[in-house]
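Working through the structure, step by step
For reference, the chains in residue letters:
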Amino acid sequence: MNSPQSPERGIVLPEAARESLVTELAALVEQHLAAKRGISGMAMKLAFNTLRSAKPDIAHRAARTLLPEVLTALGPLRAEFERGSRSSFAQFLGERRQQACEVLLCQIDTRLAQSQNAPAKAIYQRFRGSASDELETLLPQLAAALDRHVK
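Below is a short write-up of the structure. Source: prediction; values computed, not measured.

Description of the overall build of the chain
- A count of helical and extended segments in the chain gives six helices and zero strands.
- Here the chain has a C-alpha radius of gyration of 15 Å; the compact-globule value for 151 residues is 15 Å, and the two agree.
- In terms of principal-axis extent, the alpha carbons of the chain reach across some 45 × 30 × 25 Å.
- The 151 residues of the chain split such that 40% are buried.
- Element-wise, carbon and sulfur atoms account for 56% of the exposed surface of the chain, whose accessible area totals about 8500 Å².
- Charge centroids of the chain, computed over 20 positive and 16 negative side chains, lie 4 Å from each other.

Right under this line is the structure:
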């Protein structure tokens, strides 16, 4: 039988922590997009605002939908972290940034391939090439949020 934190099950959160984390991650994504500059930033903002015009709570929906995949993908890394003596999961993921981004993007790619949301899929495909860079930028904040919610 798997323990609550087993790598096979991913990171397990109580429902109250899950909802709080979803809210925090949605805000994180919106803040990240708001801070984007330049032509690519404008394109990302336009794409996001297009999705938001159809579904005003799109960031929250996306965070809720993708959170299980994120927790599953990071489960083995969290288990490795818990076996060590590091001060925070954020620090640990910072040391394994490329590996963490690869497993997260693999899970997100799989999830979106199965999605029936054609506009979201099209927008994701348009920006998939820069997704790794964007995720690397967000990874420390994602890991810090997990540190606050995973006990």
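Structure shown, so let's carry the discussion forward.
Some words on the packing of helix α1 (residues 15-35) against helix α3 (residues 58-83)
- Here α1 crosses α3 at 115°, and the two axes come no closer than 8 Å. α1 and α3 meet at a crossing whose hand is right-handed. Across the interface between the two elements, Arg18, Glu19, Leu21, Val22, Thr23, Leu25, Ala26 and Glu30 of α1 pack against Ala59, His60, Ala63, Arg64, Leu67, Pro68 and Leu71 of α3.
- The class makeup of the residues in the contact of α1 with α3 is nine nonpolar, two polar and four charged.

Let's talk about the nonpolar core
- If you look at the biggest cluster of nonpolar residues, it comprises 46 residues, and the most contacted ones within it are Leu25, Leu74, Phe89, Leu93, Leu104, Leu142 and Leu146.
- At the level of elements, α1, α2 (38-54), α3, α4 (89-95), α5 (97-114) and α6 (118-149) are the ones that each hand at least two residues to this core.
- With 11 residues, the single largest contributor to this core is α6.
- Residues in contact with Leu142, not counting those within four places in the same chain, are Leu25, Leu28, Val70, Leu74 and Leu104.

Analysis parameters
- Residues numbered from 1 in each chain as written.
- Predicted model: local features only at pLDDT ≥ 70, side-chain atom pairs only at ≥ 80, totals over all residues.
- Heavy atoms only, no water.
- Helix = DSSP H or I, 4+ residues; strand = E, 2+ residues; numbered from the N terminus.
- Rg over C-alpha atoms; globule rule 2.2 N^0.38 Å.
- Buried < 20%, exposed > 50% of the residue type's maximum accessible area, 1.4 Å probe, protein only.
- Areas by Shrake-Rupley, 256 points an atom, 1.4 Å probe, with all protein chains shown as cover.
- Lys, Arg positive; Asp, Glu negative; His and termini not counted.
- Charge placed at Lys NZ, Arg CZ, Asp CG, Glu CD.
- Axes fitted to C-alpha atoms, helices over the stretch in contact; angles between N-to-C directions.
- Left-handed = near helix turned anticlockwise from the far one by under 90°.
- Contact = heavy atoms within 4.5 Å.
- Nonpolar A, V, L, I, M, F, W, Y, C, P; charged D, E, K, R; others polar.
- Core = buried A, V, L, I, M, F, W, Y, C linked by side-chain atoms within 4.5 Å.

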